[in-house]
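One-letter residues, chain by chain:
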Number of protein chains: 2
Amino acid sequence: MPADLHATLDPQRKSWIESANDAACDFPIQNLPFGVFSTAGHTTARVGVAIGDSVVDLAVLHEAGLLRLPTATHNVFARPALNDFIALGRDTWRSVRVQLSSLLARDTATLRDDAALRQRALVKLADAKLHLPVEIPGYTDFYSSKEHATNVGSMFRDPKNALLPNWSEMPIGYNGRASSVVVSGTPVRRPNGQLKLPDQDRPVFGACRKLDIELETGFIIGRGNALGEPIACEDAEAHIFGMVLLNDWSARDIQQWEYVPLGPFNAKTFATTISPWIVTLDALEPFRVEQPVQEPQPLEYLRHAGNHAFDIALEVLLRPEGASEATTISSTNFRHMYWSMAQQLAHHTVAGCNTRVGDLMGSGTISGPTPDSFGSLLELTWNAKNPLELKGGGTRGFIEDGDELTLAGWCQGEGYRVGFGACVGKIVPASK
Amino acid sequence: MPADLHATLDPQRKSWIESANDAACDFPIQNLPFGVFSTAGHTTARVGVAIGDSVVDLAVLHEAGLLRLPTATHNVFARPALNDFIALGRDTWRSVRVQLSSLLARDTATLRDDAALRQRALVKLADAKLHLPVEIPGYTDFYSSKEHATNVGSMFRDPKNALLPNWSEMPIGYNGRASSVVVSGTPVRRPNGQLKLPDQDRPVFGACRKLDIELETGFIIGRGNALGEPIACEDAEAHIFGMVLLNDWSARDIQQWEYVPLGPFNAKTFATTISPWIVTLDALEPFRVEQPVQEPQPLEYLRHAGNHAFDIALEVLLRPEGASEATTISSTNFRHMYWSMAQQLAHHTVAGCNTRVGDLMGSGTISGPTPDSFGSLLELTWNAKNPLELKGGGTRGFIEDGDELTLAGWCQGEGYRVGFGACVGKIVPASK
C-alpha cells in the first residue's frame, strides 16, 4: 500500500469537522465512504462523502479545482450514481481518498478557512436525502455462512445432514433481482403471493405471514471482467470498490412453496435494501482478520494467501410502530463468514460469467455460532417456535406491519470506528 | 385493433423489396421486426427493421423526415439499443409500424423511387453486423413447458411424481444473469467448473462434459411497472414489446452439482444467446391460438380471457465443425407452453417486483409431447443414453467443441411466414 494511502488510515488523524472525531461516530476521517445525495434546496443528486455529521459535496469540490482526477474527462461527481467515478479505476479511487483525507485533516486550511466554499461544499447529513449510490447492472446473492446454512438445513431438511455436500466445496450463489434493490429508508411493502397452508390441498393467495430479514453485507464491483475471462482468486479484491450493509427481505412462506427446484424468486424479488454509504476496501484494510479454517481445503481456483476476512461488528434492531425504543435482536460479526468475498467473486466468474462496474454481490445471511447471533428471524425464533421478547412489551415470531428493521455495522478501531451507517426499512401493509 | 394497424397484417400486402415477397422469407412486409445494426462502412450501431434481404435504417428515415414520432424529442433510432424507442410507448411502436408498412408497400413511391435516399436507408442483411437489440436491465427465465418439467423430473427425481406440486399452480421462474446475454453469432466458450464424478468423493475442476442447449423464446418488456404495483394478467400483454428466440446454454454436470437448494448459477451464467430481431406482438397477432387446458384452474391472479398462446413453429439444428450439412434435432411449437407470457408477467410482479423497459423474460425450455420435439439434448438423448444420429455420420449425446447450434422459429401464414431469423452459437473449447 502506498505511503500516502497508508496515512489515511492513521488512527491519530483528526478532522476540523469536530463531529468526526467522536469515538462513536460512524464516519471519522479514517472512513470517507462514498454515496449519492441531494437536498431540498438543491434537488440534483450528486456524489458525496460522509464525514462526522456532514456530507462533502464532491461535485462542488471538483468544480472548485480541489480534486484532481488523473483520467477524468467530465465531472464524474455531478452524476446521480457513482458508476462513472468508479469506472475510472482503483488508482483514482485511492487518489481521491488521499486528497479528501488531506483536505479534511485538522491542519489543512484550504477548505477549513474558506467560509464561502465550505458553505457550498458541506451539507448536514440530517438535511441530505440519500439515494441509491450506484446503478446496479446485476445483483448476485451468496449463501456463505456455515451457521446459517446449517440452521436452515436443520429446520427444513435433515438435522443430521444439515449441510449439503456442495456447500463446503463452493460459495453457493444465485442470481438476485437488481431492479428492486432500494436505498435505506425506502418503505417495504409486505408482499402478496401463493401460500401453501398445511391443512389445504391447494395454495391460497394472500399477504405473506412469515416476513423476515436477512442480515447481510454486499460488495460493489469496481472493475468488471470480460465474458469468458475469469477473475483469479488472488486478484479478486482489486475488483472490489467497497461494501454496504444489505437486508435481503424474505417471505418465508412464499419461499418454501416456490423454491424447489429453481430457487427463491417472488419470496425475495419484492425488495432488497442497502445502506447508502459505500465503505471502500481501503478503509477496511486495518480490520483484516483470518477467515474460518476451510476443511476440506478448497479446490485450487478458490485458494488465496493472506487474510481475506474482515472484523465487522453487526447488529439488527427492531422497533415496532410507535415504540420509543428499538430492541437489538441480533449481534454478530462478518468475520464468521466461511467463504471470503474474493472466493465468491472467483467462483462467480470461473465458468466465464462477466461482471460490470456497480454489480452488487450479497454475502448471504450472516449468522454467528450462538443463538443471539443469528442473522434472520427464521433462525432467531426457530421458525416462530421461540418468539423474541421486545423491550417495552410484545413478542415477534416474524415481522409485523409497522415494524422498522435496522441493520448496523462497524469496525472498531482504537479510539474510532469505521461505520456503515444504518440500513433501515419499515414495513407497510400488503396491497388489497 | 385500429384499422391501419390491422391493414399491416393483410396477407395480400406486398413490398417493392421483392425478396420480401418470397413465401419462405422470414421477413415479409407483415413482420417488420426491430433490431440494431452497423456496417463496415458505417460502424455506429443504430436501429433498423428487417425486410426481405435488407435492413431499413430507421435513423436515416427519421432524419429524412419520413417517420413521425408523436412524442420523441431526439432521434431515438440513432442509438445502439432499442430502449429509448421502446420507452416512447405502444402507441408509438404501432404508429411506426403503420408508417413503415405503408412506406415499404409495393404501391408507395416515396422511398421506392428515391434512389439517393434508398441508397442511404437500405443495407443488405448480408452486409449488416447485428448487435444485441436492447440493453437488458434484468433477465428472468421461466420453466413453463409441462413436458420439459415432466421429463427432467422423471430423469432426476421420481418418474411417478415427476411434476412437483407447485408447478401446476404457478409459472415457476428464477432470476437469470443479464450481463452474459449475447446476440446470435457470438461464439460460446465451453465453461469450466466443479464436476462431481460418480466414482469420487470430492468434485474435480474441469471443462463441462455435458454442454446442452435449451430451446426457448423470450419476450421483451415494453412498459415496466413500479415497485409494489403488480401487472394484472389481463393487462400484461400491453407491457410486452415483442419476442425473440433464446438459447439458454446449460452445463448439465455443473448444474446437477450446484443447483440444490438455490437453483442454477454457473451452469447457465456463462452465456445466453438471443436472436437479433425482435418480432413485435402486433406482428404475431394473426397467430394467436388457445393455450393447453389448465387443470387445476389457476388462482384468480393468473386468469385471463381469450387466446394467449401463439402458433410458432420451432426447430433446433446442429452442425458439427466442418460439416456441410446441419441436422434438425428437434421440431416443436411454442403453442405447447402451459403458462402464457401474460401469466408469467403477472406472476413475476404479483409480490411487488418492478420490471423495466428492455427486461428479458425467457419462456423456459419448449418441449413438445413427442420425443423428437424435446427442447434440450438432455431430453432428446435422455441424458446421453440414446445418442442422436447426425446426417453425414457421427452421434451426439451432448454438444462437442466446434458444434454450431441454430434455433429457428416462424409463424406460418397463407403464402408468407413471420419468421424470427436464426439464433446461432458455435462452441469454442474451454480455457485451459
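Heads up: the structure comes first, above all this text.
Not measured: the values here are computed from a predicted model.

Participant: Sorry, what's going on with the pattern of salt bridges here?
Facilitator: Where charged atoms from two side chains of opposite charge approach closely, those side chains can pair. Applying the stated criterion across every chain yields a total of 44 salt bridges over all chains. R288 of chain B is the partner of E237 of chain B in a salt bridge, and the nearest nitrogen-oxygen pair spans 2.6 Å. A residue pair is termed long-range when its members are at least 10 positions apart, and E237 of chain B in the loop between strand 13 (215-221) and strand 14 (240-247) and R288 of chain B in strand 18 (residues 288-289) qualify at 51 residues. Of the residues examined, E237 of chain B reaches a relative accessible area of 14% and is grouped as buried. With a shortest N-O distance of 3.5 Å, E325 of chain B and K391 of chain B are connected by a salt bridge. With E325 of chain B in the loop between strand 20 (313-319) and strand 21 (327-333) and K391 of chain B in the loop between strand 23 (388-389) and strand 24 (395-396), this residue pair connects regions lying 66 residues apart in the sequence. For E325 of chain B, a relative accessible area of 42% translates into the label partly exposed. K391 of chain B gets classed as partly exposed once you look at its relative accessible area, which sits at 44%. Each of D212, E214, D248, R252 and K268 of chain A takes part in salt bridges that share partners, so that together they form one network.

Participant: I'm lost on unusual backbone geometry in this one. Help?
Facilitator: Residues and elements named next belong to chain A. In the segment running from E295 into P296, the intervening peptide bond is cis, with an omega of 5 degrees. Mapped onto the elements of the fold, P296 is located in the loop between strand 18 (288-289) and strand 19 (309-310). Of note, W382 is a non-glycine position whose phi angle comes to about 45 degrees, a positive value. As for its placement among the helices and strands, W382 is situated in the loop between helix 11 (377-380) and strand 23 (388-389).

Participant: Would you mind going over helix 4 (residues 90-104) of chain B with me for this structure?
Facilitator: Counting along an α-helix, one turn takes 3.6 residues, and residues three or four places apart therefore face a common direction. All names here are of chain B. In this model helix 4 runs 21 Å from its N-terminal to its C-terminal C-alpha over 15 residues, within 8% of the 21 Å that 1.5 Å per residue would give. With respect to burial, helix 4 is a largely interior element, 11 of its 15 residues being buried. For helix 4, the set of buried residues is T92, W93, R94, V96, R97, V98, Q99, L100, S101, L103 and L104.

Participant: Is there a simple way to think about the layout of surface pockets in this case?
Facilitator: A volume near 750 Å³ is recorded for the largest pocket. Around the largest pocket, the lining is made up of 28 residues, and of these E135 and P137 of chain A together with E135, P137 and R356 of chain B lie nearest the centre. Its residues assigned to classes, the lining of the largest pocket comprises 16 nonpolar, four polar and eight charged. As for the second largest pocket, its lining consists of 18 residues, and the residues nearest its centre are K196, L197, D253, Q256 and W257 of chain B. When residues in the lining of the second largest pocket are grouped by element, the largest group, five residues, is from helix 8 (residues 252-258) of chain B. Per-class residue counts for the lining of the second largest pocket are nine nonpolar, three polar and six charged.

Cut-offs applied
Residues numbered from 1 in each chain as written. Chains lettered and ligands numbered in written order. Predicted model: local features only at pLDDT ≥ 70, side-chain atom pairs only at ≥ 80, totals over all residues. Heavy atoms only, no water. Salt bridge = Lys/Arg side-chain N within 4 Å of Asp/Glu carboxyl O. Helix = DSSP H or I, 4+ residues; strand = E, 2+ residues; numbered from the N terminus. Buried < 20%, exposed > 50% of the residue type's maximum accessible area, 1.4 Å probe, protein only. Expected span 1.5 Å × (residues − 1). 1 Å grid on protein atoms, 1.4 Å probe; cavity = no way out; pocket = protein on both sides within 12 Å on 5 of 7 lines; lining within 4 Å. Points joined across faces, edges and corners; volume = space filled by probe spheres on them. Nonpolar A, V, L, I, M, F, W, Y, C, P; charged D, E, K, R; others polar.

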